[in-house]
Amino acid sequence: EAFLALGIIFGTLAIPLALTGKWTIAAWALEGAGLVWVGLRQSHLISRVFGLVVQVAAIFAFGIHTERLFDAPYIAADTLSMALLAGALLFTSRQYAKHGAALFEGKRPVELLAFVVGAMFWIGCGAHFLNGQLVGADARHAFLVFAAASAVFANAVGVRLPWLAPRIASQFL
């Protein structure tokens, strides 16, 4: 286990050396979600905490690389990076909703925080992509359609899975 932990730590630290900023964000977000998933399934605190730390590092990397992320020629890669970050955070929220009740006796701060931040990245991702593809009123109208479709999808996911956060978010949207 010690060698596995060291391998994961050094692998995480090597990602920024091998990839550009937007792909570092995506890789860290996905790696963090995977570590949280494994940590929750195995009731391993260190894996969960390290997974959350890696996801927070991905969010900080997003903040650092924001000025370079929104260059016009790279809009598709930027959108994909933001979508993967949002998906990883929403996956983390779902895993805490599914497994976290037994661990934390009804306390759900990590689940709700991951969901809110993931939903913000999802909405930001849609706005970023639509503003890069359309202009003026067309972009605003397309964003309203995107937000409505996201609310319908969130409600369907919340009903299908026993997950309260997307149902509340869909009501809010």
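Scroll up to find the structure this text is about.
Quantities reported herein were computed from a predicted structural model and do not represent experimental measurements. (Residues numbered from 1 in each chain as written. Predicted model: local features only at pLDDT ≥ 70, side-chain atom pairs only at ≥ 80, totals over all residues. Heavy atoms only, no water.)

Enquirer: Explain the overall build of the protein chain to me, using residue names and the numbers behind them.
Expert: Counting secondary structure elements, the protein chain contains eight helices and zero strands. Secondary structure elements of the protein chain occur, N-terminal to C-terminal, as α-α-α-α-α-α-α-α. In terms of overall size, the protein chain behaves like a compact globule, its C-alpha atoms giving a radius of gyration of 17 Å where 173 residues would be expected to give roughly 16 Å. Across its three principal axes, the protein chain shows a C-alpha extent of roughly 55 × 40 × 20 Å. The proportion of buried residues among the 173 residues of the protein chain is 35%. Put simply, 62% of the contacts in the protein chain that link residues at least 6 apart link residues at least 24 apart. When the accessible surface of the protein chain is summed, it comes to about 10100 Å², and 73% of that surface belongs to carbon and sulfur atoms. Of the side chains in the protein chain, 11 bear a positive and 8 a negative charge, and the two mean positions are spaced by 11 Å. (Helix = DSSP H or I, 4+ residues; strand = E, 2+ residues; numbered from the N terminus. Rg over C-alpha atoms; globule rule 2.2 N^0.38 Å. Buried < 20%, exposed > 50% of the residue type's maximum accessible area, 1.4 Å probe, protein only. Contact = heavy atoms within 4.5 Å. Areas by Shrake-Rupley, 256 points an atom, 1.4 Å probe, with all protein chains shown as cover. Lys, Arg positive; Asp, Glu negative; His and termini not counted. Charge placed at Lys NZ, Arg CZ, Asp CG, Glu CD.)

Enquirer: Summarise the packing of helix α6 (residues 109–133) against helix α7 (residues 136–160); cite the residues concerned and give the values.
Expert: The packing of two helices is summarised by the inter-axis angle and the distance between the axes. Relative orientation of the contacting elements α6 and α7 amounts to 150°, with a least axis distance of 9 Å. Taken together, the axis directions place α6 and α7 in an arrangement best described as roughly antiparallel. Crossing hand, α6 versus α7: right-handed. Residue-level inspection shows W122, I123, G126, A127, L130 and N131 of α6 in contact with α7, the latter providing A139, A142, F143, F146 and S150. Taken together, the residues of the contact of α6 with α7 sort by class into eight nonpolar, three polar and no charged. (Axes fitted to C-alpha atoms, helices over the stretch in contact; angles between N-to-C directions. Parallel < 35°, antiparallel > 145°, perpendicular 65-115°, else oblique. Left-handed = near helix turned anticlockwise from the far one by under 90°. Nonpolar A, V, L, I, M, F, W, Y, C, P; charged D, E, K, R; others polar.)

Enquirer: Residue-level account of a nonpolar patch on the surface, with values.
Expert: Nonpolar side chains collect at one region of the surface, where F3, L6, I9, F10 and L13 lie side by side and expose about 570 Å² of accessible area between them. Tracing the chain through its elements places L13 in helix α1 (residues 2–18). The exposed category is assigned to L13, whose relative accessible area is 54%. (Patch = residues over 30% accessible without salt bridge, like charges linked within 9 Å, V, L, I, M, F, W, Y side chains within 5 Å. Salt bridge = Lys/Arg side-chain N within 4 Å of Asp/Glu carboxyl O.)

Enquirer: Explain the nonpolar core to me, and be specific about the residues and the numbers.
Expert: The biggest cluster of nonpolar side chains holds 16 residues, and the ones touching the most others in it are I25, W28, A29, A58, F62, L85 and F121. No other element matches helix α5 (residues 75–104), which puts five residues into this core. Discounting residues that sit within four places of it in the chain, A29 has contacts with Q55, A58, L84, L85 and A88. (Core = buried A, V, L, I, M, F, W, Y, C linked by side-chain atoms within 4.5 Å.)

Enquirer: If you had to explain the pattern of salt bridges to someone new, which residues and values would you point to?
Expert: All told, the structure shown has two salt bridges when counted by the stated rule. Across the pair D78 and K22 runs a salt bridge, and its minimum N-O distance is 3.4 Å. Of this pair, D78 sits in helix α5 while K22 sits in helix α2 (residues 21–41), and the two are 56 residues apart along the sequence. Residue classification places D78 among the buried positions, given a relative accessible area of 0%. According to the relative accessible area criterion, K22 is buried, its value standing at 14%.

Enquirer: Before we move on, can you summarise α6 with the specific residues and values?
Expert: If you check α6, its first and last C-alpha atoms are 36 Å apart, about what 25 residues at 1.5 Å a residue would give, namely 36 Å. All of the buried residues along α6 are E111, A114, F115, G118, F121, C125, G126, H128 and L130. (Expected span 1.5 Å × (residues − 1).)

Enquirer: Hey, could you go over the packing of aromatic side chains for me, with residue numbers and the actual values?
Expert: Geometry of an aromatic ring pair is reported as the spacing of the ring centres plus the angle between the planes. As enumerated under the stated definition, the model contains four aromatic pairs in all. Seen from their ring centres, F62 and F121 are 5.0 Å apart, and the 80° between their planes marks the pair as edge-to-face. Taken together, the residues span a long stretch of sequence, with F62 in helix α3 (residues 45–64) and F121 in helix α6 at a distance of 59 residues. Take F62: its relative accessible area is 12%, and that puts it in the buried class. Residue F121 is classed as buried on the basis of its relative accessible area of 11%. When the centroid spacing of 5.5 Å and the interplanar angle of 35° are considered together, the rings of W122 and F146 count as tilted. Placement of W122 in helix α6 and of F146 in helix α7 is noted, with a sequence separation of 24 residues between them. On the basis of relative accessibility, which here comes to 34%, the residue W122 falls in the partly exposed class. Members of the aromatic cluster, connected to one another through ring pairs, are W122, F143 and F146. (Phe/Tyr/Trp six-rings, centres within 6.5 Å; stacked < 30°, edge-to-face > 60°.)

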